[in-house]
Amino acid sequence: FVVWMQRDNWLFSFVLCISLSIISFNVVPDANPLEKGKSHFFSLEYDRAFKLLLPAANNNHPEAQYYVGLLYSTESWKKFDINNALKYLLSAADQNYAPAMWKVGDIYENNLAENNSLVLATDWYRKARLTEKKQAMIQFLKENPDGKLTPVSNDEMINMLTKQARAGDAEAQSKLGKIYDDGVLTQQDATKAFEWYLAAARNNNQHAQFMVGYFYCRKIGTEFNLEKSSQWFARSGRKAQCVTQ
């Protein structure tokens, strides 16, 4: 009798373990809704993506807000709404989510927003660059006389560009302006950025001409000057106006 009870208890325990395993197997949760939503987005299954991403977006998750913003800015989707797109993208951007900043800039630059502006677009592109600052991923190479490539340090690259810029190379001047503005290869210095952009602008580099107009408009590295801003924007050939942020 005692032996039978022990066997019966063993059998009960075995059956209980099997049952719990089955229950556990049946309640394994689905994959992360955010990842599934992104997968549906890239598969162009926009309705499914929206359903999965919206709860997290409304809960202030920046990456979910970014993808919901992308959905709303997709013109082929039935719920296309650029104002809703900006609402979610700006919320993500305000949480320092750089991809959302880039997309906001794209919307302003490509005339999708009601108050489209190249200046506002540049605001967001610049914020995105300053947020990312991927210095560790940047490496320069130079070709030796024997044809082999060797690494060039950031300081060497800046020295090379500075030498070219002082010799009047407009492209090198413009590149130095961006380097000092971004603060990626060296410490950020808005005054030096403006000076090099201005040198390139006077050398008829159109990108630098736009950036000089932008710096005058935003009081970056120089004083605010609406007249000079407008003049340089006009010389750059781009239809830009100095607008408030």
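Described in the following lines is the structure provided in the data block. From a predicted model like this one, the values you see are computed outputs, not experimental measurements.

### Structural notes on the side chain of T122
Thinking step 1. Note that T122 resides in helix α7 (residues 118-132).
Thinking step 2. T122 gets classed as buried once you look at its relative accessible area, which sits at 11%.
Thinking step 3. For T122, the contacting residues outside a window of four places in its chain are F210, M211 and Y214.

### Re the packing of helix α2 (residues 33-42) against helix α4 (residues 62-72)
Thinking step 1. Running from N to C, α2 and α4 cross one another at 25°; their axes reach a closest spacing of 11 Å. It follows that α2 is roughly parallel to α4 by the angle criterion. Every pair of crossing elements has a handedness; the one defined by α2 and α4 is left-handed. On the side of α2, the interface is formed by L34, K38, F41 and F42, while α4 contributes E63, A64, Y67, L70 and L71.

### Here's the deal with helix α3 (residues 46-58)
Thinking step 1. Taking 1.5 Å as the rise per residue, α3 with 13 residues should run 18 Å; its terminal C-alpha atoms sit 17 Å apart, in good agreement.
Thinking step 2. By the largest-angle criterion, L52 marks the main kink of α3, which is about 30°, and a proline, P55, follows within four residues.
Thinking step 3. Turning to α3, its buried residues number three or more, namely Y46, A49, F50, L53 and A57.
Thinking step 4. On its buried side, α3 packs onto α2, α4 and α5 (82-93).
Thinking step 5. One or two residues past the end of α3 sits N60, with phi positive at roughly 70°.

### A look at helix α11 (residues 206-218)
Thinking step 1. In this model α11 runs 18 Å from its N-terminal to its C-terminal C-alpha over 13 residues, within 8% of the 18 Å that 1.5 Å per residue would give.
Thinking step 2. In terms of burial, α11 is a largely internal element, 11 of the 13 residues being buried.
Thinking step 3. The complete set of buried residues in α11 reads A208, Q209, F210, M211, V212, G213, Y214, F215, Y216, C217 and R218.
Thinking step 4. Those residues of α11 hidden inside the fold are in contact with α7, α9 (170-182), α10 (190-202) and α12 (226-236).
Thinking step 5. One side-chain oxygen of the residue at the start of α11 lies 3.2 Å from the amide nitrogen of H207, identifying that residue as N205.
Thinking step 6. The first or second residue beyond α11 is K219, which carries a positive phi of 60°.

### Some words on unusual backbone geometry
Thinking step 1. Although it is not a glycine, N204 sits at a positive phi angle of roughly 70°.
Thinking step 2. Classification of N204 as exposed rests on a relative accessible area of 56%.
Thinking step 3. Of note in this structure, K219 is not a glycine but carries a positive phi near 60°.
Thinking step 4. Relative to the helices and strands, K219 resides in the loop between α11 and α12.

### Details of the packing of aromatic side chains
Thinking step 1. Taken as a whole, this structure holds 16 aromatic pairs when the rule is applied.
Thinking step 2. A ring pair is formed by F194 and F215, whose centres lie 6.3 Å apart and whose planes are at 20°; its orientation type is stacked. Placement of F194 in helix α10 and of F215 in helix α11 is noted, with a sequence separation of 21 residues between them.
Thinking step 3. Here F194 falls in the buried class, since its relative accessible area comes to 7%.
Thinking step 4. Given a relative accessible area of 0%, F215 falls into the buried group.

### Quick word on the pattern of salt bridges
Should their charged atoms come close, side chains of opposite charge can pair.
Thinking step 1. Counted by the stated rule, this structure contains 11 salt bridges.
Thinking step 2. Note that R129 is salt-bridged to D182, the shortest N-O span being 2.7 Å. Separated by 53 residues along the polypeptide, R129 in helix α7 and D182 in helix α9 bring together distant segments of the chain.
Thinking step 3. For D182, a relative accessible area of 6% corresponds to the buried category.
Thinking step 4. Put simply, R126, R129, K178, D181 and D182 are held in one network by salt bridges that share partners.

### Side note on the state of the cysteines
Thinking step 1. Taken as a whole and judged by the stated rule, the model has one disulfide.
Thinking step 2. Across the disulfide from C217 sits C242; the S-S distance is 2.0 Å. Judged by the sign of its S-S torsion, about 90°, the bond between C217 and C242 is right-handed. Of this pair, C217 sits in helix α11 while C242 sits in the segment after α12, and the two are 25 residues apart along the sequence.
Thinking step 3. The exposure class of C242 is partly exposed, given its relative accessible area of 22%.

Cut-offs and rules
- Residues numbered from 1 in each chain as written.
- Predicted model: local features only at pLDDT ≥ 70, side-chain atom pairs only at ≥ 80, totals over all residues.
- Heavy atoms only, no water.
- Helix = DSSP H or I, 4+ residues; strand = E, 2+ residues; numbered from the N terminus.
- Buried < 20%, exposed > 50% of the residue type's maximum accessible area, 1.4 Å probe, protein only.
- Contact = heavy atoms within 4.5 Å.
- Axes fitted to C-alpha atoms, helices over the stretch in contact; angles between N-to-C directions.
- Parallel < 35°, antiparallel > 145°, perpendicular 65-115°, else oblique.
- Left-handed = near helix turned anticlockwise from the far one by under 90°.
- Expected span 1.5 Å × (residues − 1).
- Bend = angle between axes of the 7 residues up to and from the residue.
- Polar contact = N/O pair within 3.5 Å; in protein donor to acceptor, adjacent residues only side chain to side chain.
- Phe/Tyr/Trp six-rings, centres within 6.5 Å; stacked < 30°, edge-to-face > 60°.
- Salt bridge = Lys/Arg side-chain N within 4 Å of Asp/Glu carboxyl O.
- Disulfide = S-S within 2.5 Å.

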